Amino acid sequence: FLYFSATGSDGKGNELWRTDGTSTQLIADINGSGDSNPSYLAVFNNALYFSAVSTDGKGVELYKFDGTTAPVRVSDINPEAGNANPAHLAVFNNALYFSAISNDGQGVELWKYDGTNATRVTDINPGVGNANPAYLAVYNETLYFSANAGDGKGTELWKYDGTTASLAADINVGAGDSIPAYLTTING
């Protein structure tokens, strides 16, 4: 199946859909008559994961669809009505990595979901600063992404080897932002 986010003529708002090339169907009305806005779709452990909002007042969180039962929220990263805004999902080292924010004052940082628990990987931009990890991609057994450490080097190319996150390249040397985006690999 091909999964995607769309707004149908059924008045249910922007929801999760799928097609087999012949027929197209709504998977679930996650947010009643409002938009659940499924985004950043990624496959991990034979299930579809994505960011969405439901009617339960928990904000934008991480959801899972196993292909048969209704999508379920797998974690409340930013408890209560706060939005975790999980984004840029990528599979690395048998876990699902993404950017998110919780309510603990650490800002938007790199997180992972291991199939059971969602945990912050590291605090790249210490304290309340936002590292804003984005465009996650795996290359040569390392997770690469764009981030800002708040160290005066701007938004640059970062890497995570499974243990340590570090600056991979200061492309726009000094305080300028290079803002590496749309990372992808080809031919290994």
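Residues numbered from 1 in each chain as written. Predicted model: local features only at pLDDT ≥ 70, side-chain atom pairs only at ≥ 80, totals over all residues. Heavy atoms only, no water.

## Describing the overall build of the protein chain
Here's step 1: Helix and strand counts for the protein chain stand at zero helices and 15 strands.
Here's step 2: Computed over C-alpha atoms, the radius of gyration of the protein chain comes to 17 Å, within 12% of the 16 Å expected from 2.2 N^0.38 for 188 residues, which places it in the range of a compact globule.
Here's step 3: The 188 residues of the protein chain split such that 43% are buried.
Here's step 4: Long-range contacts, defined as pairs at least 24 residues apart, comprise 28% of the intrachain contacts of the protein chain with a sequence gap of at least 6.
Here's step 5: Accessible surface, the protein chain: about 9,300 Å² in total, of which carbon and sulfur atoms supply 46%.
Here's step 6: Side-chain charges of the protein chain comprise 9 positive and 20 negative groups, with the mean position of each set lying 5 Å from the other. (Helix = DSSP H or I, 4+ residues; strand = E, 2+ residues; numbered from the N terminus. Rg over C-alpha atoms; globule rule 2.2 N^0.38 Å. Buried < 20%, exposed > 50% of the residue type's maximum accessible area, 1.4 Å probe, protein only. Contact = heavy atoms within 4.5 Å. Areas by Shrake-Rupley, 256 points an atom, 1.4 Å probe, with all protein chains shown as cover. Lys, Arg positive; Asp, Glu negative; His and termini not counted. Charge placed at Lys NZ, Arg CZ, Asp CG, Glu CD.)

## Topic: the side chain of T142
Here's step 1: Mapped onto the secondary structure, T142 falls in strand β13 (residues 142-148).
Here's step 2: Residues in contact with T142, not counting those within four places in the same chain, are F92, A137, K159, Y160 and D161.

## What about the sheet that holds strand β14 (residues 155-160)?
Here's step 1: If you trace the four strands from one edge of the open sheet to the other, you get β12-β13-β14-β15, paired in antiparallel fashion. The two strands at the open ends of the sheet, each matched to only one other strand, are β12 (134-139) and β15 (165-169). Here the average twist between neighbouring strands, direction ignored, is 35°.
Here's step 2: Relative to β13, β12 runs antiparallel, the two sharing four bridges. Bridging across to β13, Y139 finds its partner in T142. (Pairing = 2+ DSSP bridges. Axes fitted to C-alpha atoms, helices over the stretch in contact; angles between N-to-C directions.)

## Observations regarding the packing of aromatic side chains
Here's step 1: If you walk through the whole model with that rule in mind, you get ten aromatic pairs.
Here's step 2: Summarising the aromatic geometry, the rings of F44 and Y49 are spaced 5.6 Å apart at their centres and angled 55° between planes, so their arrangement reads as tilted. Taken as a pair, F44 and Y49 share a single burial class, namely buried.
Here's step 3: Above the ring of F1, the side-chain terminus of R18 is found at 4.1 Å from the ring centroid. (Phe/Tyr/Trp six-rings, centres within 6.5 Å; stacked < 30°, edge-to-face > 60°. Lys NZ or Arg CZ within 6 Å of the ring centre and 35° of its normal.)

## Things to note about the sheet that holds strand β7 (residues 72-75)
Here's step 1: In spatial order, the strands read β4-β5-β6-β7; together these four strands make up an open sheet with antiparallel pairing. Two strands close off the open sheet at either side, each with one partner strand: β4 (39-44) and β7. The mean inter-strand angle of the sheet, taken between neighbouring strand axes irrespective of direction, is 40°.
Here's step 2: Pairing between β4 and strand β5 (residues 47-53): four bridges, direction antiparallel. Along β5, the bridge assignment pairs S39 with S51.

## Let's talk about the pattern of salt bridges
Here's step 1: On inspection of all chains with the given rule, the structure shows three salt bridges.
Here's step 2: With a closest N to O distance of 3.8 Å, D76 and K58 form a salt bridge. One end of the pair, D76, is in the loop between β7 and β8 (87-92); the other, K58, is in the loop between β5 and β6 (60-65), with 18 residues separating them in the sequence.
Here's step 3: The class of D76 is partly exposed, set by a relative accessible area of 25%.
Here's step 4: We note a salt bridge from R120 to D104, for which the minimum N-O separation is 2.6 Å. Here D104 lies in the loop between β9 (95-100) and β10 (109-113) and R120 lies in strand β11 (residues 118-122), a separation of 16 residues in the sequence.
Here's step 5: Taking relative accessible area as the criterion, D104 reaches 40% and is therefore assigned partly exposed. (Salt bridge = Lys/Arg side-chain N within 4 Å of Asp/Glu carboxyl O.)

## Description of the environment of L183
Here's step 1: The residue L183 is located in the segment after β15 in this model.
Here's step 2: Taking the relative accessible area as the measure of exposure, L183 reaches 24% and is therefore partly exposed.
Here's step 3: A sequence separation of 44 residues divides L183 from Y139, and the C-alpha atoms of the two residues are 9.6 Å apart.
Here's step 4: Once residues within four sequence positions are removed from consideration, L183 is found in contact with Y135, A137, Y144, F145 and L157.

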